[in-house]
Amino acid sequence: GLTGIPQNAACDVTIAGMGGEMILKILHDSPWACGEGMRLILQPMTMVPKLRRGLCELGMAITAEKAVVAANRVYTVICAEKAKEPVACTPLWEQMGALSPEYEETRLYAERITAGLLARSNGCLHEGKTEEARQLKNLADEIIRRYAAV
């Protein structure tokens, strides 16, 4: 984590190669990292929607985000800074963040996300959770419309 690093020792903090939950724990344990004038460069391996939601809750704005492909897997790299105003964290934002639909890597990322949402939707249908299934399916359809079909 960032324990033991003095608050004024850095203005950029990079946390990469771990899950979104662990990244959030590190940020919660070192609140100075989310202060004014700090820039976070984050590369989560898992739990990306939870990380985006957590950044919103910490008052951070995603200022840039890019999908990247490495070893036949698609990941996202997030740059975040203290928000000047509250950030609305919608379900679409949690899934896709600030990714731009103009890049092929974003399309690949969107395909992976929609596949997961549709699988979850099907699981909800089998469990009789029709409203949750409908919401997940609608979210997947919105991502396809905005990102995958570019």
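Above this text you will find the structure in question.
Reading the values: rules and limits
Residues numbered from 1 in each chain as written. Predicted model: local features only at pLDDT ≥ 70, side-chain atom pairs only at ≥ 80, totals over all residues. Heavy atoms only, no water. Buried < 20%, exposed > 50% of the residue type's maximum accessible area, 1.4 Å probe, protein only. Helix = DSSP H or I, 4+ residues; strand = E, 2+ residues; numbered from the N terminus. Contact = heavy atoms within 4.5 Å. Salt bridge = Lys/Arg side-chain N within 4 Å of Asp/Glu carboxyl O. Pairing = 2+ DSSP bridges. Axes fitted to C-alpha atoms, helices over the stretch in contact; angles between N-to-C directions. Parallel < 35°, antiparallel > 145°, perpendicular 65-115°, else oblique. Left-handed = near helix turned anticlockwise from the far one by under 90°. Nonpolar A, V, L, I, M, F, W, Y, C, P; charged D, E, K, R; others polar. Phe/Tyr/Trp six-rings, centres within 6.5 Å; stacked < 30°, edge-to-face > 60°. Lys NZ or Arg CZ within 6 Å of the ring centre and 35° of its normal. Core = buried A, V, L, I, M, F, W, Y, C linked by side-chain atoms within 4.5 Å.

K.L.:
Explain helix 2 (residues 48-57) residue by residue, including any values.
P.N.:
Of all the residues in helix 2, the buried ones are V48, L51, R52, G54, L55 and C56. Check the buried side of helix 2 and you find it contacts helix 1 (20-29), strand 2 (39-44), strand 3 (60-70), strand 4 (73-82), helix 3 (91-96) and helix 4 (104-126). Of the residues flanking the end of helix 2, it is G59, one or two places downstream, whose phi is positive at about 80 degrees.

K.L.:
Give me the pattern of salt bridges: which residues, what numbers.
P.N.:
Where charged atoms from two side chains of opposite charge approach closely, those side chains can pair. Taken as a whole and assessed by the stated rule, the structure comprises 13 salt bridges. With its nearest N and O atoms 2.7 Å apart, the salt bridge here joins D29 to K25. Of the two residues, D29 and K25 both sit in helix 1, 4 residues apart, roughly one turn of that helix. With relative accessibility at 48%, the residue D29 sits in the partly exposed group.

K.L.:
Tell me what's going on with the pairing of strand 4, and back it up with residues and numbers.
P.N.:
Relative to strand 4, strand 2 is paired through 4 bridges, and the arrangement is antiparallel. Note that in strand 4 the partner of R39 across the bridge is E81. Relative to strand 4, strand 3 is paired through 10 bridges, and the arrangement is antiparallel. Pairing of A67 across the sheet is with T76, part of strand 4. Once strand 3 ends, the chain turns through 2 residues before running back antiparallel as strand 4, passing A71 with a positive phi of about 50 degrees.

K.L.:
Please give an account of the packing of helix 1 against helix 2 that cites residues and values.
P.N.:
In the contact formed by helix 1 and helix 2, the axes pass within 8 Å of each other and the chain directions differ by 25 degrees. With respect to helix 2, the axis of helix 1 lies roughly parallel. Taken as a pair, helix 1 and helix 2 cross one another with a handedness that is right-handed. Only K50, L51, G54 and L55 of helix 2 make contact with helix 1, whose side of the interface consists of G20, E21, I23, L24 and L27. A per-class count over the contact of helix 1 with helix 2 returns 5 nonpolar, 2 polar and 2 charged.

K.L.:
Could you give an account of the sheet that holds strand 1 (residues 12-18), with specific residues and numbers?
P.N.:
The 4 strands lie next to each other as 1-2-4-3, forming an open sheet whose pairing is mixed. The two strands at the open ends of the sheet, each matched to only one other strand, are strand 1 and strand 3. Pairwise comparison of adjacent strand axes, ignoring direction, gives a mean angle of 15 degrees for this sheet. Across the sheet, helix 1 is in contact with strand 1 and strand 2; its angle to strand 1 comes to roughly 150 degrees.

K.L.:
Tell me about the packing of aromatic side chains, and please be specific about residues and values.
P.N.:
This model, assessed by the stated rule, comprises 0 aromatic pairs. Above the face of the Y103 ring, K66 is positioned so that its terminal group lies 4.2 Å from the ring centre.

K.L.:
A description of the nonpolar core should follow, citing residues and the corresponding values.
P.N.:
Nonpolar side chains tend toward joint burial in soluble globular proteins. L27, L40, L42 and L55 are the most contacted members of the largest nonpolar core, which totals 21 residues. Only strand 1, helix 1, strand 2, helix 2, strand 3 and strand 4 provide two or more residues apiece to this core. If you tally residues by element for this core, the top one is helix 1, at 4 residues. In this structure, V48, V74, L139 and A140 belong to the second largest nonpolar core, which totals 17 residues.

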